[in-house]
Amino acid sequence: RPGADDLVQRSRLNQCERRRASGHGLQCRGGPDHRLVPLGKGGTLPEAATGLRQLFTALASKMFDRADEKTREFMLHTALLPNFTEQMARELTGEARLLSRLHRQNFFVERHGLGQAEPTFQYHPLLRQFLQEKAASAWSAEQARARGLSAAQLLLDHGRADEAFELFRRSE
């Protein structure tokens, strides 16, 4: 039997669905209150989302520019991988200690599987996109291809064939 919280939740969802169906140009956002936000032209999120992306890019750029050359190269290389272990970072870059430091210093590096034998790391999606854009402008086409193929082979060696295939495809 549903409780009061369930009924309130369902009511909010129904309100969201009614507004969306009536064509008011509103999008239901996740979260407990299911806020309604106006969509921009063509069904995109409002300019505030673009502003947040620009703010994040400015912050990432400042952090990246302050990092030493070794750290910047490490980040550019490992951003080719969707997620990675310390061992994978070491195999790809020859360095793994930087990974723990980036995580400790809150460089938007997420650590997953804390209780596992070998946790995985991944960059925040916006940071990864930023790093990939930086790599595209910093590396020649041949460098980008060689590094992409190397990262794809690493994924394949670690049993991640689907991700490897995608990276092979993008690197060709």
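Residues numbered from 1 in each chain as written. Predicted model: local features only at pLDDT ≥ 70, side-chain atom pairs only at ≥ 80, totals over all residues. Heavy atoms only, no water.

Q: I would appreciate a short explanation of the overall build of the protein chain in the present structure.
A: Along the protein chain, the regular secondary structure elements total 8 helices and 4 strands. In sequence order, the protein chain lays out its α and β elements as α-β-β-α-α-α-α-β-β-α-α-α. Burial statistics for the protein chain: of 172 residues in total, 30% are counted as buried. Entry remark: accessible area of the protein chain is about 10,900 Å², with carbon and sulfur atoms responsible for 51%. (Helix = DSSP H or I, 4+ residues; strand = E, 2+ residues; numbered from the N terminus. Buried < 20%, exposed > 50% of the residue type's maximum accessible area, 1.4 Å probe, protein only. Areas by Shrake-Rupley, 256 points an atom, 1.4 Å probe, with all protein chains shown as cover.)

Q: Looking at this model, I keep getting lost on the side chain of Asn-83. Mind explaining?
A: Mapped onto the elements, Asn-83 comes out in the loop between helix 3 (69-78) and helix 4 (86-93). Among the polar contacts listed, one links the side chain of Asn-83 to the side chain of Arg-160, at a separation of 2.7 Å. The contacts of Asn-83, once residues within four sequence positions are left out, are Met-88, Phe-121, Gln-122, Arg-160 and Glu-163. (Polar contact = N/O pair within 3.5 Å; in protein donor to acceptor, adjacent residues only side chain to side chain. Contact = heavy atoms within 4.5 Å.)

Q: Would you mind going over unusual backbone geometry with me for this structure?
A: Peptide bonds are, in most cases, trans, and in most cases residues other than glycine have a negative phi. Located in the positive-phi region is Phe-108, a residue other than glycine, with phi close to 60°. By the secondary structure assignment, Phe-108 is in the loop between helix 5 (97-104) and strand 3 (109-112).

Q: Explain the nonpolar core here, please?
A: Side chains of nonpolar character tend, in soluble globular proteins, to be buried together. Of all hydrophobic cores here, the largest spans 32 residues; its most connected members are Phe-74, Met-75, Leu-81, Phe-84, Tyr-123, Leu-127 and Leu-131. Contributions of two or more residues to this core are made by helix 2 (47-66), helix 3, helix 4, helix 5, strand 4 (120-123), helix 6 (125-138), helix 7 (141-157) and helix 8 (161-171). Among all residues touching Leu-81, those that are not within four sequence positions of it are Met-88, Leu-92, Arg-128, Ala-151, Leu-154 and Leu-155. (Core = buried A, V, L, I, M, F, W, Y, C linked by side-chain atoms within 4.5 Å.)

Q: How should I be thinking about the packing of aromatic side chains in this particular structure?
A: For any pair of aromatic rings, the description consists of the separation of the ring centres together with the inter-plane angle of the planes. Taken as a whole and assessed by the stated rule, the structure comprises 3 aromatic pairs. On the numbers, 6.0 Å between centres and 80° between planes, the contact of Phe-64 with Phe-130 is edge-to-face. Placement of the pair is Phe-64 in helix 2 and Phe-130 in helix 6, with a sequence separation of 66 residues. A relative accessible area of 7% means that Phe-64 is categorised as buried. Judged by its relative accessible area of 7%, Phe-130 is buried. Aromatic pair Phe-84 and Tyr-123: ring centres 5.7 Å apart, planes at 50°, arrangement tilted. With a gap of 39 residues between them, Phe-84 in the loop between helix 3 and helix 4 and Tyr-123 in strand 4 connect regions that are remote in the sequence. Tyr-123 carries the same exposure label as Phe-84, and that label is buried. (Phe/Tyr/Trp six-rings, centres within 6.5 Å; stacked < 30°, edge-to-face > 60°.)

Q: What is the right way to look at the pattern of salt bridges in this model?
A: Between side chains of opposite charge, a pair can form when the charged atoms approach closely. One pass over the structure, following the stated rule, counts 6 salt bridges. Between Glu-95 and Arg-97 there is a salt bridge, with the nearest N and O atoms lying 3.3 Å from each other. A relative accessible area of 66% means that Arg-97 is categorised as exposed. Ionic pairing is found between Glu-163 and Arg-160, a salt bridge with its closest N-O pair at 2.5 Å. (Salt bridge = Lys/Arg side-chain N within 4 Å of Asp/Glu carboxyl O.)

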